[in-house]
Amino acid sequence: MNKSFFEDITYKDQDFTKVRLEKAEYENCIFEDCNFADAYVDNINFTACHFSHCNLSNANITHSVFNEVSFSYCKLTGLHFEHCNPILLSLSFDHCSLILASFYQLQLKNIEFTECKLIEVDFTEANLSNAQFGGCDLNKAIFEKTNLEQADLTTAINYKFDPEQNRLRKAKFSKDGVVGLLGKYDIVVV
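Remember, it's a predicted structure, so these values are computed and weren't measured experimentally.

**Student:** An account of the side chain of Ser64 is needed here, citing residue identities and associated values.
**Tutor:** Here Ser64 is to be found in the loop between strand 6 (50-52) and strand 7 (65-67). Of the polar contacts made by the side chain of Ser64, one reaches the backbone oxygen of Val41; its length is 2.5 Å. Among the polar contacts listed, one links the side chain of Ser64 to the backbone nitrogen of Ile44, at a separation of 3.1 Å. Not counting chain neighbours up to four residues away, the residues in contact with Ser64 comprise Val41, Asp42, Asn43, Ile44, Cys84 and Asn85.

Below, the structure is given as structure tokens:
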């Protein structure tokens, strides 16, 4: 069965918790001020779409495709990106709240997070090489066996992780931020 195809459509002020978004292919669509909290957004293809001021907290995104999808000023609490289709996965986030979200084992080269709250986000075994974390709060974010080579964390705050458990070659950190890499040594930096 072929999926429906929607292109160049703007969805504004829609509540997809009451009326489910059709399982279809969406290309170059805009979702503005929409509510997807706890909704089923599974098995949907999004290509070159933009989500602005939307709530996708705890939405089911299993097997959905996110290809060149951007999120701005969105609430994405508890979203499990590792359940979406990893093929063609390409995301960017601007001023978003991704508290307790998960990117476990995903290939996210060149991903951009700008001014985001990434509180307790799970980046375990993800490839974040060349990622940008401009002005992000990474309080209690989990980095274990994560590839952060050439990633830029110079303006990120509150990160703490073990440099021996992650790949950091040519990653960029601020002088103040380096303290977050020394936590396991229980030393005092003055």
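**Student:** Mind laying out the pattern of salt bridges, listing which residues take part and the relevant values?
**Tutor:** On inspection of all chains with the given rule, the structure shows six salt bridges. Between Asp15 and Lys18 there is a salt bridge, and its shortest N-O distance comes to 3.9 Å. The closest approach of N and O atoms between Asp42 and Lys23, which form a salt bridge, is 3.4 Å. Here Lys23 lies in the loop between strand 2 (10-12) and strand 3 (24-27) and Asp42 lies in the loop between strand 4 (30-32) and strand 5 (45-47), a separation of 19 residues in the sequence.

**Student:** So, the environment of Thr77: which residues are in play, and what are the values?
**Tutor:** With respect to the secondary-structure elements, Thr77 resides in the loop between strand 8 (69-72) and strand 9 (91-94). Separated by 24 residues in the primary sequence, Thr77 and Ala101 have C-alpha atoms spaced 5.8 Å apart. If we skip the residues at most four places from it in the chain, Thr77 touches Ser57, Asn58, Ser97 and Ile99.

**Student:** Kindly report on the environment of Tyr26, identifying the contributing residues and their values.
**Tutor:** Positionally, Tyr26 belongs in strand 3. Along the backbone, Tyr26 and Gly177 are 151 residues apart, and their C-alpha atoms lie at a distance of 40 Å. With residues near it in sequence (within four places) discarded, Tyr26 still touches Phe6, Tyr11, Leu21, Phe31, Ile44, Asn45, Phe46, Thr47 and Cys49.

**Student:** Go over unusual backbone geometry, please, and point to the residues and values.
**Tutor:** Here Asp33, not a glycine, exhibits a phi torsion of approximately 55°, which is positive. Even without being a glycine, Asn58 presents a positive backbone phi close to 55°. Tracing the sequence through the fold places Asn58 in the loop between strand 6 and strand 7. Given the relative accessible area of 45%, Asn58 is considered partly exposed.

**Student:** A description of a negative patch on the surface should follow, citing residues and the corresponding values.
**Tutor:** On the surface, a cluster of negative charge is contributed by Glu7, Asp8, Glu25 and Glu27. By the element assignment, Glu7 lies in strand 1 (residues 4-7). In this structure Glu7 comes out as partly exposed when scored by relative accessible area, which is 40%.

**Student:** Account for the pairing of strand 9, with residues named and values stated.
**Tutor:** Of the two faces of strand 9, only one is covered, namely that formed by Leu91 and Phe93; the face formed by Ser92 and Asp94 stays uncovered. Bridging between strand 8 and strand 9 involves four bridges; their strand directions are parallel. Bridge pairing in strand 9 places Val69 opposite Leu91. Looking at chain direction, strand 9 and strand 10 (residues 112-114) are connected through three bridges and run parallel.

**Student:** Tell me what's going on with the nonpolar core, and back it up with residues and numbers.
**Tutor:** Ranked by size, the top nonpolar core spans 59 residues in total, and within it Phe31, Phe93, Phe103 and Phe133 carry the most contacts. Mapped by element, the contributors of at least two residues to this core are strand 3, strand 8 and strand 9.

**Student:** I'd like a rundown of the sheet that holds strand 3, residues and numbers included.
**Tutor:** What the four strands build is an open sheet, ordered 1-3-5-7; its pairing is parallel. Both edges of this open sheet fall to strand 1 and strand 7, since each of them pairs with a single strand only. In this sheet, neighbouring strand axes are inclined to one another by 10° on average, regardless of whether the strands run parallel or antiparallel. As judged from the four bridges shared by strand 1 and strand 3, these two strands associate in the parallel manner. Residue pairing in the sheet places Glu7 in a bridge with Glu27 of strand 3.

Rules of the game
Residues numbered from 1 in each chain as written. Predicted model: local features only at pLDDT ≥ 70, side-chain atom pairs only at ≥ 80, totals over all residues. Heavy atoms only, no water. Helix = DSSP H or I, 4+ residues; strand = E, 2+ residues; numbered from the N terminus. Polar contact = N/O pair within 3.5 Å; in protein donor to acceptor, adjacent residues only side chain to side chain. Contact = heavy atoms within 4.5 Å. Salt bridge = Lys/Arg side-chain N within 4 Å of Asp/Glu carboxyl O. Buried < 20%, exposed > 50% of the residue type's maximum accessible area, 1.4 Å probe, protein only. Patch = residues over 30% accessible without salt bridge, like charges linked within 9 Å, V, L, I, M, F, W, Y side chains within 5 Å. Areas by Shrake-Rupley, 256 points an atom, 1.4 Å probe, with all protein chains shown as cover. Lys, Arg positive; Asp, Glu negative; His and termini not counted. Charge placed at Lys NZ, Arg CZ, Asp CG, Glu CD. Pairing = 2+ DSSP bridges. Core = buried A, V, L, I, M, F, W, Y, C linked by side-chain atoms within 4.5 Å. Axes fitted to C-alpha atoms, helices over the stretch in contact; angles between N-to-C directions.

Nothing here speaks to function; it is all geometry.
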